[in-house]
Amino acid sequence: MTTGPSYLKHLDYSVVQQCMHCGLCLPTCPTYEATKVEGHSPRGRIAMMRAIADERIEMTSTFAEEMYFCLGCLACMTACPADVNYAELFEHARAEAEASGVLRSGRRNLIRAFAIRWLFMDLRRMHRLGGVLRLYQRLGLQALLRRSGLLRLLPRRLRELEAMTPTICRQTSSDLIAPVTPASGGKKYRVAMLVGCAQDLIFSDVNRDTVEVLARNGCEVITPPHQQCCGSLHAHNGEIELARALAKKQIDQFPLDQFDAIISNAGGCGSHLKHYASLLAEEPSYRDRAAQWDSKLKDIHEWLAHTGIKTPKGKLTDQVVTYHESCHLAHGQKITSAPRQLLRTIPGLRLVELPESNWCCGSAGIYNLIQPEMANALLDRKLKHIATTGASIVATGNPGCLLQLVNGAREKGMPLEVVHPITLLAEAYRKEDRENTHDSKH
Ligand code: SF4
Ligand code: SF4
């Protein structure tokens, strides 16, 4: 029984009724492919959403659970000939499920209140928690606990979650990146860099690499030290109002007229960050700035493809690299060739195509935490395909995918380096610098 606002009913009806039931999306949907159940397909889910919007059926826990069984991978959007906006439908359906309260339970409420409504709403809290975790890892307490065998006493699910704990970087982005990084070799552009939230704690080195690459390619880079979460976690988990609050904070932080572009290096965040205009469509004081924000928001691969990449002269050790596509980079942002083009410019690397490169790896935001069975099946499938390429490196442009593949490769004992494409490019530039320094000394 719906007790809160009806998000699906108030969604533009042209979005709700767009599906023409052709079924072309079905073979591309991982949950349908695994189950062959219509209700676990995009078409089945959209039919249920429309029935709720039309008030033909009531909100139930079965519907709400189905919305959380969907990965939100958006592969169905790539396949759809009718341009159905599944991303918007999916976000509104989850918001409707949350507003109705049909999934409420003490444990779930507590986790959501802590993580979504408290922790990710203020990155100072995340940094404090990250600091505690970093200390626990650096002092060797995590390794000690793992060696002690005490973890075997935990229930299986808790053991699995513990194994997924990410390693917190020694330094955050603001330790590694100056607020203003000058362009090297002549300034052509002025860009702002988004450091992300989890990315800032777990992959701050990728942020540093991104800024280095941008500077190398003619950009003066402004990286404000105190940034906030972009709100994609909130939008994808039924908290649209919180996502709006965070979008406004982001926009307020950047004087948009001063930048040629705002750069994101996280596929999942970028996909959300490019849609602030629709998120803030009902906010007159933000509407125009949100549209300007969307037009300036660029994924790093997309930006470099637009400006042109300076080919590095440094040659990396000869290796085979394969490329796993982040769902939200490929299906959400439709950026597929730019990362491949970037990898091909790096001397020493040979790009071998990954079968099913745009099939979800199971990370899908927090999907691997809440739907472990399906997430693990997708991870196994992905790792098997990676193994067939003979690659020693897998590159992917999203922190969730990076973590999922790192954990999966470690679990399976696969000798695989998992990196962001931009890290490989930054390494090649550094190699070039080292070789130049060496030559000038001799
Ligand atoms: S978002 Fe992914 S899992 Fe969900 S319906 Fe579309 S293809 Fe299927
Ligand atoms: S979502 Fe698109 S591809 Fe899927 S059934 Fe509807 S119209 Fe066809």
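Residues numbered from 1 in each chain as written. Chains lettered and ligands numbered in written order. Predicted model: local features only at pLDDT ≥ 70, side-chain atom pairs only at ≥ 80, totals over all residues. Heavy atoms only, no water.

A.B. asks: Where do I start with the pattern of salt bridges in this structure?
C.D. replies: Two side chains carrying opposite charge are able to pair once their charged atoms lie near each other. Within this structure, the stated rule accounts for 28 salt bridges. Between aspartate 209 and arginine 430 there is a salt bridge whose closest N-O contact spans 2.4 Å. With aspartate 209 in helix 13 (residues 204-216) and arginine 430 in helix 25 (residues 421-441), this residue pair connects regions lying 221 residues apart in the sequence. On the basis of relative accessibility, which here comes to 1%, the residue aspartate 209 falls in the buried class. Between arginine 430 and glutamate 212 there is a salt bridge whose closest N-O contact spans 3.0 Å. Of this pair, arginine 430 sits in helix 25 while glutamate 212 sits in helix 13, placing them 218 residues apart in sequence. For glutamate 212, a relative accessible area of 33% puts it in the partly exposed group. Among the charged side chains, a network of salt bridges with common partners joins Glu98, Arg108, Arg112, Arg117 and Glu239. (Salt bridge = Lys/Arg side-chain N within 4 Å of Asp/Glu carboxyl O. Helix = DSSP H or I, 4+ residues; strand = E, 2+ residues; numbered from the N terminus. Buried < 20%, exposed > 50% of the residue type's maximum accessible area, 1.4 Å probe, protein only.)

A.B. asks: Looking at this structure, I do not really get helix 13. What am I missing?
C.D. replies: Since the α-helix advances by 3.6 residues per turn, residues separated by three or four positions end up pointing in the same direction. Look at helix 13: 18 Å from first C-alpha to last across 13 residues, which is about the 18 Å you get at 1.5 Å a residue. The buried fraction of helix 13 amounts to 10 of the 13 residues, a majority that puts the element mostly inside the structure. Glycine 218 lies just past helix 13 and shows a positive phi near 85°. (Expected span 1.5 Å × (residues − 1).)

A.B. asks: Would you explain the site of ligand 2 in this entry?
C.D. replies: Taken together, 13 residues are adjacent to ligand 2, and Cys19, Cys22, Gly23, Cys25 and Cys80 come closest. For the shell around ligand 2, a count of residues per class yields 10 nonpolar, two polar and one charged. (Near = heavy atom within 4 Å. Nonpolar A, V, L, I, M, F, W, Y, C, P; charged D, E, K, R; others polar.)

A.B. asks: Teacher, can you tell me more about the sheet that holds strand 9 (residues 417-419) here?
C.D. replies: In sheet architecture, strand pairing relies on hydrogen bonds along the backbone and comes in two forms, parallel and antiparallel. Spatial ordering of the open sheet is given by 7-6-8-9, a layout of four strands whose pairing is parallel. Lying at the two open borders of the sheet, with one neighbouring strand each, are strand 7 (349-351) and strand 9. Across the sheet, the mean angle from the axis of one strand to that of its neighbour is 30°, orientation sign disregarded. Sheet topology note: the strand 6 (residues 319-323)/strand 7 ladder contains three bridges and is parallel. Paired with valine 320 across the bridge in strand 7 is arginine 350. (Pairing = 2+ DSSP bridges. Axes fitted to C-alpha atoms, helices over the stretch in contact; angles between N-to-C directions.)

A.B. asks: Please clarify how the packing of helix 23 (residues 372-389) against helix 24 (residues 399-412) should be interpreted in this entry.
C.D. replies: Geometrically, a packed helix pair is captured by the angle between its two axes and the distance between the axes. Where helix 23 meets helix 24, the closest approach of the two axes is 10 Å, and the angle between their N-to-C directions is 75°. Judged by the angle between their axes, helix 23 and helix 24 are roughly perpendicular. Taken together, the residues of helix 24 that come into contact with helix 23 (itself represented by Ala375, Leu379, Asp380, Lys382, Leu383 and Ile386) are Gln404, Leu405, Gly408, Ala409 and Lys412. (Parallel < 35°, antiparallel > 145°, perpendicular 65-115°, else oblique. Contact = heavy atoms within 4.5 Å.)

A.B. asks: Mind showing me how you'd approach the site of ligand 1 here?
C.D. replies: Neighbouring ligand 1 are 13 residues; Cys29, Arg45, Cys70, Cys73 and Cys76 lie closest to it. Secondary-structure elements contributing two or more residues to the shell around ligand 1 are helix 2 (30-35), helix 3 (42-53) and helix 5 (75-79). Of the residues in the shell around ligand 1, the class split is 10 nonpolar, two polar and one charged.

A.B. asks: Sorry, what's going on with the environment of glycine 23 here?
C.D. replies: By the element assignment, glycine 23 lies in the loop between helix 1 (13-16) and helix 2. On the basis of relative accessibility, which here comes to 16%, the residue glycine 23 falls in the buried class. C-alpha of glycine 23 to C-alpha of aspartate 294: the two residues are 271 residues apart in sequence and 31 Å apart in space.

A.B. asks: I'm lost on the pairing of strand 3 (residues 219-222) in this one. Help?
C.D. replies: Side chains on a regular strand alternate between the two faces of the sheet. By the alternation rule, side chains of strand 3 split into Cys219 and Val221 and Glu220 and Ile222, which are all buried. The pairing of strand 1 (residues 180-181) with strand 3 spans two bridges and is antiparallel. If you follow threonine 181 over to strand 3, its bridge partner there is valine 221. Direction of pairing for strand 2 (residues 189-193) relative to strand 3: parallel, over a ladder of four bridges. Within the sheet, the bridge partner assigned to valine 191 lies in strand 3 and is valine 221.

A.B. asks: Looking at this structure, how should I read the side chain of serine 41?
C.D. replies: Tracing the backbone through its elements, the reader meets serine 41 in the loop between helix 2 and helix 3. On the basis of relative accessibility, which here comes to 0%, the residue serine 41 falls in the buried class. For serine 41, the side chain forms a polar contact with the main-chain oxygen of glutamate 38, separated by 2.7 Å. Here the side chain of serine 41 touches glycine 44 through a polar contact of 3.0 Å, landing on its backbone nitrogen. (Polar contact = N/O pair within 3.5 Å; in protein donor to acceptor, adjacent residues only side chain to side chain.)

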